[in-house]
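A structural walkthrough
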Amino acid sequence: MEISARAALLTPSLTLSIDSKAKAMRAEGLDVCGFGAGEPDFDTPDHIKAGAIQALESGFTKYTPTAGLPELRQAIADKLQADNNLTYKASQIVVSGGAKHACYNAILATCQAGDEVLIPSPYWVSYPDMVRLAGAEPVIIPTTERNGWKMRAEDFENAMTPRTKMLILNSPNNPSGAVYTREELGAIVEVAAEEDINILSDEIYEKLVYDDTEHVSVASISKEAYDLTITINGFSKAYAMTGWRLGYMAAPENVAKAADSIQSHSTSHPTSFAQRGALAALKGDQQPLADMREEFNLRRGYMYDRITKIPNITAVLPQGAFYILVNISQLGLSSQNFADRLLSKANVAVIPGAAFGDDRTIRLSYATGIDIIKKGLDRFQDFCRTL
Ligand SMILES: Cc1ncc(COP(=O)(O)O)c(C=O)c1O
């Protein structure tokens, strides 16, 4: 059977080959240290599970409204007000099957053939393909380590054409851990407002910021920012709920309506009892978030200290998320080649930066136990010495 031109446009996942090789090595009994994880290694807090279990036991197993339970949409609106200084009505919130799904709905609802969507690199792996699926064209804006892997307002301005429809911002960032300051976002918003460019602001790592770093929601910067921005967030990273598949958008009313329609004809609402778990997450004890962040913070410090002592590689101290991006460009290997060799020679799995549109780098996740981190970094250090 022939596949559609749209499906043929998609790029195969570069992370998959490393992942399947690591799995095959483990199946052979080899001790592989994995730094590839894109999800917290903690369990979902008990009170959240209890919310879903109670829903199941009481027979809460039928269809819900497409955009999510009204009480969940309201709880999300309350959260956005309290945490992010954002005023949304429940009708502006659409709950979806993960932040990934929310991003895709948002792009489908606003972008089409002929549009360009600007994406600073290194970027989260799915954005360009989502843009292609919507028939639009991804335009990549490379960033530099010197600028902390952040796009400057002038980079944005220089990349703009009459076809530019949207900018995708992701702060805290996967894979770099960069967090944009209020001033940096203010300058970017000013450029966007001049040309009426929409902003998709993916804030899924909002709760994971370190030291005295502040997470600033793009839509909270100004009235113009609010009108131009679709805010994306979810439960996966903050509450260790990746498998629950729950995320959401907060958007201007007409965009939320369009996303609701798209969702109604594709996946419909997210799982009924999972939504009750999400409600428990928002309304319940927030201490588990702080505990997880504290543990991530310890690992972050340990990894950064060790990595920056290794000759010929460099890294910027990540301010958010749970990744550290390592610049390997001085070693003269492509990121894929480096990752392949590291895995086969040292039994350490990392994600090649080519997957994020930046071949100068590799990504290590610290969403794994400190013992594995220590052992993996010993091997990583020895491997780098051989190059
Ligand atoms: C930047 C970014 N956005 C969105 C997602 C997707 O999150 P979810 O599991 O809620 O779909 C991820 C997951 O890795 C991510 O890193």
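Placed above this text is the structure.
Read on for an overview of the structure. (Residues numbered from 1 in each chain as written. Predicted model: local features only at pLDDT ≥ 70, side-chain atom pairs only at ≥ 80, totals over all residues. Heavy atoms only, no water.)

**Digging into the packing of aromatic side chains**
Going through the model one piece at a time under the given rule, you end up with 12 aromatic pairs. A ring pair is formed by Phe 296 and Phe 322, whose centres lie 5.2 Å apart and whose planes are at 35°; its orientation type is tilted. Here Phe 296 is found in helix H12 (residues 287-307), whereas its partner Phe 322 is found in the loop between strand S9 (314-315) and strand S10 (323-327), with 26 residues between them in sequence. Taken together, the ring pairs connect Phe 42, Tyr 205, Phe 296, Phe 322, Tyr 323 and Tyr 366 into an aromatic cluster. Across from the ring centre of Phe 60, 3.8 Å away, lies the NZ or CZ of Arg 276, which sits over that ring. (Phe/Tyr/Trp six-rings, centres within 6.5 Å; stacked < 30°, edge-to-face > 60°. Helix = DSSP H or I, 4+ residues; strand = E, 2+ residues; numbered from the N terminus. Lys NZ or Arg CZ within 6 Å of the ring centre and 35° of its normal.)

**So, helix H8 (residues 182-195)**
For an α-helix the count is 3.6 residues per turn, leaving residues at separations of three or four pointing the same way. Here H8 spans 20 Å end to end across 14 residues, near enough to the 20 Å set by a 1.5 Å rise per residue. Taken as a whole, H8 has its buried residues at Leu 185, Gly 186, Ile 188, Val 189, Val 191 and Ala 192. Against helix H7 (153-159), strand S5 (164-170), strand S6 (198-202) and helix H9 (223-228) lie the buried residues of H8. Looking one or two residues past H8, Asp 196 carries a phi angle of roughly 60°, positive in sign. (Expected span 1.5 Å × (residues − 1). Buried < 20%, exposed > 50% of the residue type's maximum accessible area, 1.4 Å probe, protein only. Contact = heavy atoms within 4.5 Å.)

**Details of the pattern of salt bridges**
For the coordinates displayed, the defined rule picks out 22 salt bridges. With a closest N to O distance of 2.8 Å, Arg 132 and Asp 129 form a salt bridge. Within this pair, Arg 132 and its partner Asp 129 are both found in helix H6 (residues 127-133), separated by 3 residues, close to a single helical turn. Assessed through its relative accessible area of 24%, Arg 132 is described here as partly exposed. According to the relative accessible area criterion, Asp 129 is buried, its value standing at 14%. Put simply, Arg 300 and Asp 211 hold a salt bridge, and the shortest N to O gap is 3.0 Å. Placement of Arg 300 in helix H12 and of Asp 211 in the loop between S6 and H9 is noted, with a sequence separation of 89 residues between them. Of the residues examined, Arg 300 reaches a relative accessible area of 4% and is grouped as buried. Take Asp 211: its relative accessible area is 59%, and that puts it in the exposed class. Taken together, the shared-partner salt bridges connect Lys 79, Asp 83, Glu 206 and Lys 207 into one network. (Salt bridge = Lys/Arg side-chain N within 4 Å of Asp/Glu carboxyl O.)

**What about the site of the ligand?**
The ligand sits among 13 residues. The nearest are Ala 99, Asp 202, Tyr 205, Lys 237 and Arg 245. The contact in question runs from an oxygen atom of the ligand to an N or O atom on the side chain of Lys 237, over 2.6 Å. Out of a free accessible area of 400 Å², the ligand has 93% covered by protein chains. The residue makeup of the shell around the ligand, split by class, is 5 nonpolar, 4 polar and 4 charged. (Near = heavy atom within 4 Å. Polar contact = N/O pair within 3.5 Å; in protein donor to acceptor, adjacent residues only side chain to side chain. Areas by Shrake-Rupley, 256 points an atom, 1.4 Å probe, with all protein chains shown as cover. Nonpolar A, V, L, I, M, F, W, Y, C, P; charged D, E, K, R; others polar.)

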